[in-house]
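# Residue-level structure breakdown
Listed here are the chains, written in short residue letters.
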Amino acid sequence: MDKEILLNKILENLEEGVHVVDKKGNTIVYNNAMAELEELSKADVMNKNLMEVMPSLKNESTHLRVLLENKPILNKFQSYFNENGKKISTINSTLPIIIDNKIEGTIEIAKNITKIRELRDKIFDLQGELNEKKKNNRKMCSFRDIIGQSPKINSAKDIAKMASKTSSNVLIIGESGTGKELFAQSIHQHSSRKNKPYIIENCAAIPENLLEGLLFGTKKGSFTGAVDREGLFKQADKGTLVLDEISSMPMNLQTKLLRVLQNGSFRSLGGQREIEVDVRIIAITNKDPLRLIKEEKMREDLFYRLSVINLFVPPLRERKEDIGILTEYFTSQIEQKMLKKIGGISDEVRRFFYSYDWPGNVRELQHLLEGCANIVGEGKQIKMMNLPYYIRGNTDEKEHSELDFIDRRLISKMYNEKVNLAQYLRQIEDEIIKEALEITKGNITKAANILGITRQGLQYKIKK
Ligand SMILES: Nc1ncnc2c1ncn2[C@@H]1O[C@H](COP(=O)(O)OP(=O)(O)OP(=O)(O)O)[C@@H](O)[C@H]1O
Ligand SMILES: [Mg+2]
């Protein structure tokens, strides 16, 4: 196949605009996408000099600048109105073409991000609506809803109660599922700001480049081409703004946040005016902040600003004495929700709960009990066999007849792990083969004898 024809085909089907000029500034490649973006016809540009086609560009032509300075210009944002009056936004990169250490021309690649920007605006709008809805529907938690009597949870609650009496920033640190958000809500609810907005934003859920506009707002006619939009800081004025997963906030935004915390004011994206706000910040992280600082994912000065009050929410494995009361609390919640009576948990399950590490903390316990409640009969006790296989692992609790065990294990496992019968049978087969191989210390012939199948048959299954 002719390489040039192939190259042309590729260029013509690219979504990105491509424009190549030689070292004199004459266009040698100009694809359809670029023609469409720049609203020029290919014939008007091809084989002509840039200055002839766009004389007004003179000092602004990125091609000419790169030819002159031999340095790439990367990710330059451009925005203009096309002849239909529609706002078009592009990101352009212009690179020198170097052959044998000499600059032979430049290539410009333009990405049309109009759609992305439209989507971004939609995200902003939806987020705003969502916050409004949440404001109206949310049942806020208070300290009473944080269940537990262990010294560790009590001391966390004491610190949080003290925090609610002030407007100082709080940094809540704790593993996933420990109840950090519960603490944030409770602090707000017990503070003098309780009748003012409570807004929570997860910094990891929003693409980095959208977060700034979302937090600080955008100004019409700014370089981003955005419309006037209030940011979350403004919406949370006089109230509390919770920044969840703060470590996902890009460093440059952390700098801006630090400035807001210091001055109590900020500028919206593209805005000229300082906007003053009175917002209490609660930042949340499930990672060790000192490690984040070391890894340069968190600014040290921001950490100190945020952690005027440091609230560590302990993991469940360090306060196992709370498991009993949490189990009762969740079971009764589930009973109300499912309109079904549950006969508590068996002694074996209780013992198991105390020996288990709970990597998913309180949330894991809550979900586990809900899963079990779905499969036990009305009024029945939750037993070991009702626990999902992944958590039960190799426990050899024998609190049931063998038949009962197999029968129920099948149903509970299939339910919990969403496996179908064939997958489940294959897993059982795997386990039996492993056991046979363990007994024979890996001797395939002997294991095949135990299982009553041929050596080849077993080998095939092992391979599979
Ligand atoms: N002490 C507690 N008492 C009652 N419910 C709790 C407690 N701790 C956590 N929960 C419940 O566990 C679930 C997880 O809590 P929450 O969302 O506050 O955790 P988180 O620490 O913010 O987790 P993540 O880091 O994953 O966001 C929620 O349903 C919450 O109601
Ligand atoms: Mg959370």
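Because the structure is a prediction, the values reported are computed rather than measured.

## Looking at the site of ligand 1
Contacts to ligand 1 come from 15 residues, most closely from S176, G179, K180, E181 and V362. Class assignment of the residues belonging to the shell around ligand 1 gives a composition of four nonpolar, eight polar and three charged.

## Side note on helix 9 (residues 208-216)
Those residues of helix 9 that fall on the buried side of the exposure criterion are L211, E212, G213, L214, L215 and F216. Following helix 9 by one or two positions, G217 adopts a phi angle in the positive range, close to 90°.

## Remarks on the environment of E118
Here E118 shows up in helix 6 (residues 114-137). A C-alpha to C-alpha distance of 52 Å links E118 and M385, two positions 267 residues apart in sequence.

## Observations regarding the domain arrangement of the protein chain
When its domains are assigned, the protein chain resolves into domain 1 (3-112), domain 2 (116-314) and domain 3 (321-397). At the junction of the two partners, domain 2 supplies ten residues and domain 3 supplies ten residues. For the side of domain 2 that touches domain 3, the residue count by class is two nonpolar, seven polar and one charged.

## Considering the confidence of the model for the protein chain
With 91% of its residues at a pLDDT of 70 or more, the protein chain has an overall mean of 87. The model gives residues 396-407 a pLDDT under 50, and that stretch makes ten contacts with residues more than four places away or in other chains.

## Structural notes on the packing of helix 7 (residues 151-164) against helix 8 (residues 180-189)
Interhelical geometry of helix 7 versus helix 8 gives an angle of 40° and a closest axis separation of 8 Å. Remark: the crossing between helix 7 and helix 8 carries right-handed chirality. Contacts between helix 7 and helix 8 involve A160, A163 and S164 from the former and F183, S186 and I187 from the latter.

## So, the sheet that holds strand 7 (residues 198-202)
The parallel open sheet is built from five strands, whose spatial order is 7-8-11-6-12. Where the open sheet ends on each side, the last strands, each with one partner, are strand 7 and strand 12 (309-313). Adjacent strand axes in the sheet meet at a mean angle of 20° when their direction is disregarded. Relative to strand 8 (residues 240-244), strand 7 runs parallel, the two sharing five bridges. Bridged to N202 within strand 8 is D244. Packing against the sheet, helix 7 makes contact with strand 6 (170-174) and strand 12, and its axis sits at approximately 150° to strand 12.

## Quick word on the pairing of strand 11 (residues 280-285)
Burial within strand 11 is extensive, with six of its six residues counted as buried. By the alternation rule, side chains of strand 11 split into R280, I282 and I284 and I281, A283 and T285, which are all buried. The pairing of strand 6 with strand 11 spans four bridges and is classified as parallel. Looking at strand 11, one finds that I172 is bridged to I284. Across four bridges, the pairing between strand 8 and strand 11 is parallel. Within the sheet, the bridge partner assigned to T240 lies in strand 11 and is R280.

Thresholds, definitions, all that
- Residues numbered from 1 in each chain as written.
- Chains lettered and ligands numbered in written order.
- Predicted model: local features only at pLDDT ≥ 70, side-chain atom pairs only at ≥ 80, totals over all residues.
- Near = placed C-beta within 6 Å.
- Nonpolar A, V, L, I, M, F, W, Y, C, P; charged D, E, K, R; others polar.
- Buried ≥ 20, exposed ≤ 12 C-beta atoms within 10 Å, placed from the backbone.
- Helix = DSSP H or I, 4+ residues; strand = E, 2+ residues; numbered from the N terminus.
- Domains from an automatic or database assignment.
- Contact = placed C-beta atoms within 7 Å.
- pLDDT = per-residue confidence, 0-100.
- Axes fitted to C-alpha atoms, helices over the stretch in contact; angles between N-to-C directions.
- Left-handed = near helix turned anticlockwise from the far one by under 90°.
- Pairing = 2+ DSSP bridges.

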